[in-house]
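Letter by letter, the chains look like this.
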Amino acid sequence: TQLLEQSPQFLSIQEGENLTVYCNSSSVFSSLQWYRQEPGEGPVLLVTVVTGGEVKKLKRLTFQFGDARKDSSLHITAAQPGDTGLYLCAGSQGAQKLVFGQGTRLTINP
Amino acid sequence: SAVISQKPSRDICQRGTSLTIQCQVDSQVTMMFWYRQQPGQSLTLIATANQGSEATYESGFVIDKFPISRPNLTFSTLTVSNMSPEDSSIYLCSVARGWTSGRGNEQFFGPGTRLTVL
């Protein structure tokens, strides 16, 4: 069974601070997605990483895929209240089902 | 990406009854998935629904409890049968076009159906 360990599960910080969310596994994934979900909505895809060592940036969000494609991180710079939400990582091996991490519930306080 | 709608968006049901949730996509997709998300938790895959074949259920989920239809490439339904309060959850459908170079195995989600069973 592929497992994705996501940490931390809860994070509450002040506006302007930086933070990092981690997603780790003992399995190799061919691709990994990060999603953000807000209350009452479905998860929205933020980014997909497919190459070991790949780094992608989305405004203040930086995503990295580990060299061995077993882990990933999401770094947010100068967090804003609009970043509040549930962040989910999900990995897959080929064209198969996604395996989701437990999620990180992020709260940014003004 | 794809535009995905679900009906109903929410419902309150009595135990012992059944509810059918619809998922409509604005384009043809090969793979559709149904997930359950219990309050404050991550997503758990119920089944994979590919057009033209029987749905494939994950461990802990059975067809009698969660029958699925996939009549064409843009539509699917999930029925939650003989409901109990433990079935209170958000039910989400998602779609995927399969592995593509540079984009991996991306899935796109509907807005979810919030089900409360009394």
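Scroll up a little and you will see the structure.
Quick caveat, the model's predicted, so the values are computed rather than measured.

J.: Explain the overall build of chain A to me, please; I cannot follow it from the model alone.
T.: Check the secondary structure of chain A and you find zero helices and 11 strands. Scanning chain A from its N terminus toward the C terminus, one meets helices and strands in the order β-β-β-β-β-β-β-β-β-β-β. Rg of the C-alpha trace for chain A: 13 Å, near the compact-globule value of 13 Å for 110 residues, within the 12% margin. For chain A, the proportion of its 110 residues judged to be buried stands at 46%. Of the contacts made within chain A by residues no fewer than 6 positions apart, 54% connect residues no fewer than 24 positions apart. Of the roughly 5000 Å² that chain A leaves accessible, carbon and sulfur atoms contribute 49%. Taking the average location of the 9 positive side-chain charges in chain A and that of its 9 negative ones, the two points are 6 Å from each other.

J.: Sorry, what's going on with the overall build of chain B here?
T.: Secondary structure summary: chain B contains zero helices and 11 strands in total. Against the globule reference of 13 Å for 118 residues, chain B gives a C-alpha radius of gyration of 14 Å, in line with a compact fold. Seen through its C-alpha atoms, chain B measures out along the principal axes to roughly 45 × 30 × 25 Å. Burial statistics for chain B: of 118 residues in total, 50% are counted as buried. Of all intrachain contacts in chain B linking residues separated by at least 6 positions in sequence, the fraction that spans at least 24 positions is 55%.

J.: Looking at this model, I keep getting lost on the interface of chain A and chain B. Mind explaining?
T.: Accessible area lost during the coming together of the parts is what is often quoted as the interface size. Taken together, the contact between chain A and chain B spans 26 residues of the former and 24 residues of the latter. Interface area for chain A against chain B, summed over the two sides, is near 1700 Å², with a carbon-plus-sulfur share of 56%. Linking chain A with chain B are one salt bridge. Note that B:E58 and A:K97 form a salt bridge whose closest N and O atoms lie 2.6 Å from each other. Across the chain A-chain B interface, the total number found is five residue pairs in polar contact (both at pLDDT 80 or more). Within the side of chain A that touches chain B, the residues separate by chemical class into nine nonpolar, 13 polar and four charged.

J.: Whenever I open this one, the sheet that holds strand 8 (residues 75-80) of chain B confuses me. Can you help?
T.: Two orientations exist for strands paired in a sheet by backbone hydrogen bonds: parallel and antiparallel. Residues and elements named next belong to chain B. Pairing is antiparallel in the open sheet, where four strands are placed in the order 1-3-8-7. The open sheet has two free edges, formed respectively by strand 1 (4-7) and strand 7 (68-72), since each of these has just one partner strand. Within this sheet the neighbouring strands show an average axis-to-axis angle of 15 degrees, counted without direction. The pairing of strand 1 with strand 3 (residues 19-25) spans four bridges and is classified as antiparallel. Among the inter-strand pairings, K7 is bridged to a residue of strand 3, identified as Q22.

J.: Would you mind showing me how to read unusual backbone geometry here?
T.: In terms of backbone geometry, most residues other than glycine have negative phi values and most peptide bonds are trans. In this chain, A:S7 is followed by A:P8 through a cis amide linkage whose omega measures -10 degrees. Position of A:P8 among the secondary structure elements: in the loop between strand 1 (5-7) and strand 2 (10-14). Of note, the amide linkage connecting B:K7 to B:P8 takes the cis form, showing an omega dihedral of -10 degrees. Position of B:P8 relative to the elements: it lies in the loop between strand 1 and strand 2 (10-13). Of note in this structure, A:K59 is not a glycine but carries a positive phi near 55 degrees. Within the secondary structure layout, A:K59 lies in the loop between strand 6 (55-58) and strand 7 (61-65). Judged by its relative accessible area of 84%, A:K59 falls in the exposed class.

J.: Could you clarify how one ought to interpret the state of the cysteines in this entry?
T.: Disulfide: a covalent bond formed between the sulfur atoms of two cysteine residues. Residues and elements named next belong to chain A. Enumeration over the complete set of coordinates arrives at two disulfides over all chains. Each sulfur of the disulfide joining C23 and C89 lies 1.9 Å from the other. Residues C23 and C89 share a disulfide whose torsion about the S-S bond is about 75 degrees; that sign makes it right-handed. Here C23, found in strand 3 (residues 19-24), pairs with C89, found in strand 9 (residues 85-92); they are 66 residues apart in sequence, far enough to count as distant.

Basis of the calculations
Residues numbered from 1 in each chain as written. Chains lettered and ligands numbered in written order. Predicted model: local features only at pLDDT ≥ 70, side-chain atom pairs only at ≥ 80, totals over all residues. Heavy atoms only, no water. Helix = DSSP H or I, 4+ residues; strand = E, 2+ residues; numbered from the N terminus. Rg over C-alpha atoms; globule rule 2.2 N^0.38 Å. Buried < 20%, exposed > 50% of the residue type's maximum accessible area, 1.4 Å probe, protein only. Contact = heavy atoms within 4.5 Å. Areas by Shrake-Rupley, 256 points an atom, 1.4 Å probe, with all protein chains shown as cover. Lys, Arg positive; Asp, Glu negative; His and termini not counted. Charge placed at Lys NZ, Arg CZ, Asp CG, Glu CD. Buried area = accessible area lost by both parts, 1.4 Å probe. Salt bridge = Lys/Arg side-chain N within 4 Å of Asp/Glu carboxyl O. Polar contact = N/O pair within 3.5 Å; in protein donor to acceptor, adjacent residues only side chain to side chain. Nonpolar A, V, L, I, M, F, W, Y, C, P; charged D, E, K, R; others polar. Pairing = 2+ DSSP bridges. Axes fitted to C-alpha atoms, helices over the stretch in contact; angles between N-to-C directions. Disulfide = S-S within 2.5 Å.

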